[in-house]
Amino acid sequence: MLSDFEVKSFTITGEDGIERDCRIIYPSVPSNGKLMLKPQYLTAFPYFEEAMLKRGYTLCYLSHPTRWAPDSETEVTAQFVRQVAEELNMEPKCIVIGMSCGGLQAVRLAELHPELISVLFLDAPVMNLISMAGLGACNPSKATVFWRELVKTYGFNKSTILNFRKSPIDNMEPLIENNIPIIMVYGDADDVVPYEENGQVLENFYKERGGDLKVIRMEGRWHHPHSMEDPTPIIEFVEAHLDL
């Protein structure tokens with residue numbers, strides 16, 4: 001449980017005047033100077049994060065007024081990472097853990113600020129907002145909720161979203177150009193974030209360009225649960241790509 005670890009809680013305020021709740025969760029052993037960021041769903045399926053906290057990594061998190069990663073919110077996240085790294089006297093380059101819409105936030109951060117990313121751990125990541133808006137294979141009842149949120153965040157209508165070009169799938173070149181390694185887990189029965197319209201696009205892009213990507217398919221898994229109860233394969237991939 002993340003509650004077993006020492007936590008510092010505080011707030012930051014963006015240029016929009018909105019206050020965001022923040023957490024720094026400290027490792028249970030001496031710090032190794034490495035930072036993790038979980039940009040959404042802090043307490044959801046934290047098997048990997050708990051294991052890493054026990055290995056000396058530090059975890060940080062901040063809340064968001066929207067989970068749909070507009071550029072302005074990605075800039076707040078980048079500022080937060082730099083602030084935490086400076087406070088802890090760490091390098092700001094971090095392991096980013098992105099589940100579902102957290103994956104959207106993680107990849108947008110990597111695309112706009114690749115200098116802040118060491119490794120991406122993605123699980124059923126949202127990569128395509130058109131897919132989430134009811135124009136693809138997303139479960140209709142979920143897509144209705146997502147569409148309302150997207151309209152509130154971006155002011156979309158059904159025409160303007162078709163011309164939207166800031167989904168992660170629209171700007172993946174910086175991931176390859178900066179050699180960002182990715183481990184991605186997904187469930188092959190997921191009808192909330194359909195893999196074929198989201199993670200599969202990233203997988204194909206990396207494979208076609210020789211990118212450093214490991215994909216773990218969970219047979220019969222729906223959108224939940226996320227991560228792996230035994231996160232050893234994720235840990236091994238991540239640590240193999242860090243300068244420890």
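Residues numbered from 1 in each chain as written. Predicted model: local features only at pLDDT ≥ 70, side-chain atom pairs only at ≥ 80, totals over all residues. Heavy atoms only, no water.

(A) Expanded view of the layout of surface pockets. As a volume, the largest pocket reaches approximately 190 Å³. Around the largest pocket sit 13 residues that line it, and Tyr 41, Arg 67, Ser 100, His 223 and His 224 are the ones nearest its centre. Partitioning the lining of the largest pocket into residue classes produces seven nonpolar, four polar and two charged. (1 Å grid on protein atoms, 1.4 Å probe; cavity = no way out; pocket = protein on both sides within 12 Å on 5 of 7 lines; lining within 4 Å. Points joined across faces, edges and corners; volume = space filled by probe spheres on them. Nonpolar A, V, L, I, M, F, W, Y, C, P; charged D, E, K, R; others polar.)

(B) Representation of helix α2 (residues 71–88) in the model. For α2, which comprises 18 residues, the first-to-last C-alpha distance of 26 Å matches the rise-based estimate of 26 Å (1.5 Å per residue) to within 8%. Turning to α2, the residues buried within the fold contact β1 (7–13), β2 (19–25), β3 (35–37), β4 (58–62), β5 (94–99) and α3 (101–112). (Helix = DSSP H or I, 4+ residues; strand = E, 2+ residues; numbered from the N terminus. Expected span 1.5 Å × (residues − 1). Contact = heavy atoms within 4.5 Å.)

(C) Looking closely at unusual backbone geometry. A cis amide bond, omega 0°, links His 224 with the succeeding residue Pro 225. Within the element layout of this structure, Pro 225 appears in the loop between β8 (213–218) and α8 (232–240). Positive phi, normally seen in glycine, also occurs at Ser 100, with a value near 60°. The topology assignment puts Ser 100 in the loop between β5 and α3. Using a relative accessible area of 9% as the deciding quantity, one classes Ser 100 as buried. (Buried < 20%, exposed > 50% of the residue type's maximum accessible area, 1.4 Å probe, protein only.)

(D) Region of interest: empty space enclosed by the protein. Applying the stated rule across the entire model yields two cavities of 30 Å³ or more. Approximately 50 Å³ is the volume attributed to the largest cavity. Considering the residues around the largest cavity, the lining is formed by His 64, Ala 69, Glu 73, Thr 74, Thr 77, Gln 105 and Leu 109. The dominant element in the lining of the largest cavity, judged by the number of residues it contributes, is α2, at three residues. Residue classes in the lining of the largest cavity are distributed as two nonpolar, four polar and one charged. Taken as a whole, the second largest cavity encloses approximately 40 Å³ of empty space. What lines the second largest cavity is simply Ala 124, Pro 125, Tyr 186, Gly 187, Asp 190, Val 193, Pro 194, Tyr 195, Asn 198 and Gly 199. Partitioned by chemical class, the residues of the lining of the second largest cavity number six nonpolar, three polar and one charged.

(E) Geometry of the sheet that holds β8. Read from one edge to the other, the open sheet built from eight strands follows the order β1-β2-β4-β3-β5-β6-β7-β8, with strand pairing classed as mixed. Each end of this open sheet is capped by a strand with a single partner; those strands are β1 and β8. Ignoring strand direction, the axes of neighbouring strands in this sheet form an average angle of 20°. Relative to β2, β1 runs antiparallel, the two sharing seven bridges. Its bridge partner being in β2, Lys 8 is matched across the sheet by Ile 24. Sheet strands in contact with helix α7 (residues 199–208) are β6 (117–123), β7 (182–187) and β8, and its direction is about 145° off that of β7. (Pairing = 2+ DSSP bridges. Axes fitted to C-alpha atoms, helices over the stretch in contact; angles between N-to-C directions.)

(F) Examining the packing of aromatic side chains more closely. Under the defined criterion, the tally for this structure stands at seven aromatic pairs. With a centroid separation of 5.0 Å and an interplanar angle of 65°, the aromatic rings of Tyr 154 and Phe 164 are classed as edge-to-face. Of this pair, Tyr 154 sits in helix α5 (residues 140–154) while Phe 164 is found in the loop between α5 and α6 (173–177), placing the two residues ten residues apart along the sequence. Here a set of aromatic residues connected by ring pairs shows up, and it is made of Tyr 154, Phe 156 and Phe 164. Between the NZ or CZ atom of Lys 8 and the centre of the ring of Phe 10, over which it lies, the distance is 5.4 Å. Over the ring of Trp 147 we find Lys 158, and its NZ or CZ is 4.1 Å from the ring centre. (Phe/Tyr/Trp six-rings, centres within 6.5 Å; stacked < 30°, edge-to-face > 60°. Lys NZ or Arg CZ within 6 Å of the ring centre and 35° of its normal.)

Purely geometric numbers; function is a separate question.
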